[in-house]
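# Understanding the architecture of this molecule
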Amino acid sequence: MQFTTIPHPAPTPDAEREAAIADPGFGTVFTDHMVTIDYDEADKEAGGTGWHSPTIGPRVPIPLDPAASVLHYAQEIFEGMKAFTHADGGMAMFRPEANASRFNASARRMAMPEIPEELFLEAVRLAVKTDAKWMPPVDGGSLYIRPFMFASEAFLGVRPARQYKFVVILVSTSNYFKGGVNPVKIWVSQDYVRAAPGGTGAAKTGGNYAASLVPQAEAISKGCDQVVFLDAANHKWVEELGGMNLFFIRRDGSVITPPLTGTILPGITRDSLIAMLREEGLEVREEPYSIDQWRTEAESGELLETLACGTAAVVTPVGTVASPDGEFTIGTGGIGQMAMKMRERLVGLQNGQIGDQHGWVMRV
Ligand SMILES: *Cc1c(COP(=O)(O)O)cnc(C)c1O
């Protein structure tokens, strides 16, 4: 598709941008531009793809009718991915096709239109190229890419909307967790669940995050960093954190990660770690792991490490698990060997320092 370019009337001055990206943290340093593409069901009915008016232009507020159905019924999905600088000055993204394909899986679950994968990738590449100057020149720096789509049709009846907006914005990012890699302390939610069988747990949709905010606040009030959710039906099986998947590394050379049964978000970092841990000679099994097993194996020493993983924080060790029944510590409560190794391997692949045997790295 041919993108229309709207020139930016007043890009951020160089000095201001350079100051902002020197230590951007996560989530507040936005770049100058955004991509938008509109969807209209009427265009599809007339024989088009539905997608029209692809544009790259200044990052500005989006006018929205007060009856836009996203504001009432939450038809919204998003993705999270990153672009990195390589030593030769070029940029690369990590497994962006996997994000495109997951975006469409989320779209199907939320009764939203799919976007052609090539158009998704083109939009993301264009956004990154246009704002390449916003790449933080710091170790571990990246452009965090946030593609999203929402129902923009003004209509208060309950049915899938006929109009949508797809948008890509970028955030300059250094480290998701301030202070680098630190073991996290996590709180086992007793009163809340993130996802139920048949629900939307496998879709990357804003509502899942809205539902996780109260339990996350509870975790913070208990002195923890993150919340971990158990399954809705039995309150027994460990599922995932609010935005990260889990791996249990055991002394006998096996690794367990909860299976994708519809209540867990299929993380791309999770999928990459399964492959990488197998390459280490470990036996990775996707099977349920209970909260009792977690405690027992941590206490007996059978469990060496627990890793939490996701695009934003890469790989983070879980040090301590707390609940109303008390706390337990995993290993020494510090940063385990496999956490470090997997983190270095992933980061090395992403920034081009390690050869890419998987075809995971796409040059921009
Ligand atoms: C995005 C997300 C993850 C991690 O997925 P990655 O593709 O590895 O970034 C895990 N859990 C939830 C709930 C998520 O939204």
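Residues numbered from 1 in each chain as written. Predicted model: local features only at pLDDT ≥ 70, side-chain atom pairs only at ≥ 80, totals over all residues. Heavy atoms only, no water.

Here we take up the overall build of the protein chain. Across its full length, the protein chain holds nine helices and 19 strands. A compact globule built from 364 residues should have a C-alpha radius of gyration of about 21 Å, and the protein chain, at 21 Å, falls within 12% of that. When the backbone C-alpha atoms are referred to their principal axes, the protein chain occupies close to 60 × 50 × 35 Å. Per-residue burial over the protein chain gives 51% buried out of 364 residues. (Helix = DSSP H or I, 4+ residues; strand = E, 2+ residues; numbered from the N terminus. Rg over C-alpha atoms; globule rule 2.2 N^0.38 Å. Buried < 20%, exposed > 50% of the residue type's maximum accessible area, 1.4 Å probe, protein only.)

This part covers the domain arrangement of the protein chain. As far as domains go, the protein chain holds domain 1 (4-173) and domain 2 (184-350). The C-alpha-based centres of domain 1 and domain 2 are spaced at 28 Å. Buried surface at the junction of domain 1 and domain 2, summed over both partners, amounts to about 1,700 Å²; 60% is from carbon and sulfur atoms. When the buried area of domain 1 at its contact with domain 2 is split by residue, Phe78, Phe94 and Arg102 rank highest and sum to 36% of it. Linking domain 1 with domain 2 are one salt bridge, by the criterion used here. Arg95 is paired through a salt bridge with Asp271; the nearest N and O atoms lie 2.9 Å apart. The tally of links from domain 1 across to domain 2 stands at twelve residue pairs in polar contact (both at pLDDT 80 or more). Breaking the side of domain 1 that touches domain 2 down by element, the ones donating at least two residues are strand E5 (76-78), strand E6 (81-85) and helix H4 (96-109). If you tally residues by element for the side of domain 1 that touches domain 2, the top one is H4, at five residues. Here the side of domain 1 that touches domain 2 is built from residues that sort into ten nonpolar, four polar and six charged. (Domains from an automatic or database assignment. Buried area = accessible area lost by both parts, 1.4 Å probe. Salt bridge = Lys/Arg side-chain N within 4 Å of Asp/Glu carboxyl O. Polar contact = N/O pair within 3.5 Å; in protein donor to acceptor, adjacent residues only side chain to side chain. Nonpolar A, V, L, I, M, F, W, Y, C, P; charged D, E, K, R; others polar.)

Unusually for a residue other than glycine, Ser53 sits at a positive phi of about 55°. Structurally, Ser53 can be placed in strand E4 (residues 51-58). Residue classification places Ser53 among the partly exposed positions, given a relative accessible area of 39%. Even without being glycine, Ala111 reaches a positive phi, approximately 55°. Summarising the element assignment, Ala111 is placed in the loop between H4 and helix H5 (117-130). Taking the relative accessible area as the measure of exposure, Ala111 reaches 41% and is therefore partly exposed.

Taken together, 15 residues sit near the ligand, with Lys204, Tyr209, Glu240, Thr269 and Thr311 positioned nearest. Contacts to the ligand include Thr311, whose side-chain N or O atom sits 2.6 Å from an oxygen atom. When isolated, the ligand has an accessible area of 390 Å², and the protein chains bury 97% of it. Here the shell around the ligand is composed, by residue class, of four nonpolar, seven polar and four charged. (Near = heavy atom within 4 Å. Areas by Shrake-Rupley, 256 points an atom, 1.4 Å probe, with all protein chains shown as cover.)

Let's shift gears to the pattern of salt bridges. Counted under the stated rule, the structure contains 19 salt bridges. Note that Arg250 and Glu297 form a salt bridge whose closest N and O atoms lie 2.8 Å from each other. In this pair, Arg250 is assigned in strand E13 (residues 245-250) and Glu297 in helix H8 (residues 291-300), connecting sequence segments 47 residues apart. Each of the two residues, Arg250 as well as Glu297, counts as buried. Where Glu280 meets Arg345, a salt bridge forms, and the shortest distance between an N and an O atom there is 2.9 Å. Of this pair, Glu280 sits in the loop between helix H7 (268-279) and strand E15 (283-286) while Arg345 sits in helix H9 (residues 337-350), placing them 65 residues apart in sequence. Residue Glu280 is classed as partly exposed on the basis of its relative accessible area of 25%. Each of Asp14, Arg17 and Glu18 takes part in one network of salt bridges that share partners.

Okay, the packing of aromatic side chains next. Two aromatic rings, taken as a pair, are described by how far apart their centres are and by the angle between their planes. Applying the stated criterion across every chain, the model contains 13 aromatic pairs. Pairing Phe120 with Phe166 gives two aromatic rings, centres 5.9 Å apart and planes at 55°, and the pair type is tilted. With Phe120 in helix H5 and Phe166 in strand E9 (residues 163-173), this pair connects stretches of sequence that are 46 residues apart. One exposure class covers both Phe120 and Phe166, and it is buried. Measuring from ring centre to ring centre gives 5.8 Å for Trp294 and Phe328, while their planes differ by 75°; the resulting arrangement is edge-to-face. Linking Trp294 in helix H8 with Phe328 in strand E18 (residues 326-329), this pair joins segments that are 34 residues apart in sequence. Taken individually, Trp294 and Phe328 each receive the classification buried, so the pair is uniform in this respect. A connected cluster of aromatic rings, assembled from ring pairs, spans Tyr39, Trp51, Phe103, Phe120, Tyr164 and Phe166. Seen from the ring of Phe30, Arg59 lies directly overhead, with NZ or CZ sitting 4.2 Å from the centre. One Lys or Arg, Arg159, reaches over the ring of Phe155 and ends 3.7 Å from the middle of that ring. (Phe/Tyr/Trp six-rings, centres within 6.5 Å; stacked < 30°, edge-to-face > 60°. Lys NZ or Arg CZ within 6 Å of the ring centre and 35° of its normal.)

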